[in-house]
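# Understanding the architecture of this molecule
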Amino acid sequence: MKKTQKVAKPPIVSKLIPLSTVITSTKGKSSKWIRIDQRFPIADDVKKIIEKLRRSGHVAYIVGGSVRDFLLGRTAKDPDIATDALPDQICELFPNSVTVGKAFGVLKIPVGEGRCVEVATFRRDLDYKDHRHPSKVEFGGPEEDAERRDFTVNALFFDPQTSRILDTVGGIEDLKA
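As a starting point, this report considers the structure included with it. Predicted model only: the values in this text are computed from it and were never measured.

### Points about the overall build of the chain
Each helix and strand counted, the chain has five helices and eleven strands in total. A separation threshold of at least 6 residues defines the contact pool for the chain, and within that pool the share at least 24 residues apart is 49%. Carbon and sulfur atoms provide 51% of the accessible area of the chain, an area that totals close to 10,700 Å².

### Some thoughts on helix α1 (residues 44–55)
A turn of α-helix holds 3.6 residues, and therefore any two residues three or four places apart point the same way. Compared with the 16 Å implied by 1.5 Å per residue over twelve residues, the 16 Å span of α1 between its first and last C-alpha is a close match. Taken as a whole, α1 has its buried residues at Asp 45, Val 46, Ile 49, Ile 50 and Leu 53. Along α1, the residues classed as buried sweep out an arc of 135° about the axis, all on the same side. Across from the buried face of α1, at angles greater than 90 degrees, the exposed residues are Asp 44, Lys 48 and Arg 55.

### What to know about the nonpolar core
Core analysis: the largest hydrophobic core is formed by 29 residues, its most contacted members being Ile 49, Leu 53, Ile 62, Val 67, Leu 71, Ile 81 and Phe 158. Among the elements of the structure, α1, β3 (60–63), α2 (65–71), α3 (87–93), β6 (106–112), β7 (115–121), β10 (156–159) and α5 (171–176) are those that each provide at least two residues to this core. Here this core gets four residues from one element, more than from any other, and that element is α1. Membership of the second largest hydrophobic core comes to nine residues, among which are Trp 33, Tyr 61, Phe 122 and Ala 155.

### What to know about the side chain of Ser 97
Checked against the element boundaries, Ser 97 lands in the loop between α3 and β5 (98–101). Note on Ser 97: relative accessible area 11%, which makes it buried. At 2.5 Å, the side chain of Ser 97 and the backbone oxygen of Phe 94 are in polar contact.

### A short note on the pattern of salt bridges
Counted under the stated rule, the structure contains twelve salt bridges. Across the salt bridge formed by Arg 54 and Asp 159, the nearest N and O atoms sit 2.5 Å from each other. With a gap of 105 residues between them, Arg 54 in helix α1 and Asp 159 in strand β10 connect regions that are remote in the sequence. Accessibility expressed as a relative area gives 23% for Arg 54, which makes it partly exposed. With its nearest N and O atoms 2.7 Å apart, the salt bridge here joins Lys 102 to Asp 88. Taken as a pair, Lys 102 in the loop between β5 and β6 and Asp 88 in helix α3 lie far apart in primary sequence, 14 residues in all. When its relative accessible area of 29% is taken as the criterion, Lys 102 is described as partly exposed. Residue Asp 88 is classed as partly exposed on the basis of its relative accessible area, which comes to 47%. Three or more residues are tied together by salt bridges with common partners; here these are Arg 123, Asp 125, Asp 145, Arg 148 and Arg 149.

### Quick word on the environment of Leu 72
Residue position: Leu 72 is located in the loop between α2 and β4 (80–83). Taking the relative accessible area as the measure of exposure, Leu 72 reaches 34% and is therefore partly exposed. The spatial distance from the C-alpha of Leu 72 to the C-alpha of Lys 176 is 9.3 Å, given a sequence separation of 104 residues.

### A few points about unusual backbone geometry
Positive phi outside glycine occurs at Asp 78, with the angle close to 45°. Secondary-structure assignment places Asp 78 in the loop between α2 and β4. Classification of Asp 78 by relative accessible area gives exposed; the value is 62%. In this structure, Ser 163 takes a positive phi of about 55° despite not being glycine. Within the element layout of this structure, Ser 163 appears in the loop between β10 and β11 (164–167).

Rules of the game
- Residues numbered from 1 in each chain as written.
- Predicted model: local features only at pLDDT ≥ 70, side-chain atom pairs only at ≥ 80, totals over all residues.
- Heavy atoms only, no water.
- Helix = DSSP H or I, 4+ residues; strand = E, 2+ residues; numbered from the N terminus.
- Contact = heavy atoms within 4.5 Å.
- Areas by Shrake-Rupley, 256 points an atom, 1.4 Å probe, with all protein chains shown as cover.
- Expected span 1.5 Å × (residues − 1).
- Buried < 20%, exposed > 50% of the residue type's maximum accessible area, 1.4 Å probe, protein only.
- Arc of directions from axis to C-beta.
- Core = buried A, V, L, I, M, F, W, Y, C linked by side-chain atoms within 4.5 Å.
- Polar contact = N/O pair within 3.5 Å; in protein donor to acceptor, adjacent residues only side chain to side chain.
- Salt bridge = Lys/Arg side-chain N within 4 Å of Asp/Glu carboxyl O.

Here is the structure:
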């Protein structure tokens, strides 16, 4: 009988290099910035939105499932942007914003061909009435935003300016598991 040779799985990210651990929350929690050495594909329309937010003095990261999928070697689809810009500031920068979720800090920016990019203000969800949808939110930073997300692997923030991922909740470790 022939033995099958076990082949080691390639790492999810070719190099996980902790660049720094910085205190970024008033609660004193540590956040990890992790450099990635693979190119994260970003559509031109998403780049333009991020650049416009940054030129206006705001932080802007790609967040959620597209970051997770990229790290798993899948095609990253429908990137969402998380920012410190408040909803009214987003509307000023993007006057054609679809404001359906504005009260919760979520706007959709039309980018052509019937497509929209979701841009959301960092927030903490408060007062759940139905255990799924908050009745109220409080705007905050990426740490608070990460805490409210459904899974740690969806709470990873990619900074296209530095090619680093902000992981405040252990999402990278959970992806490795």
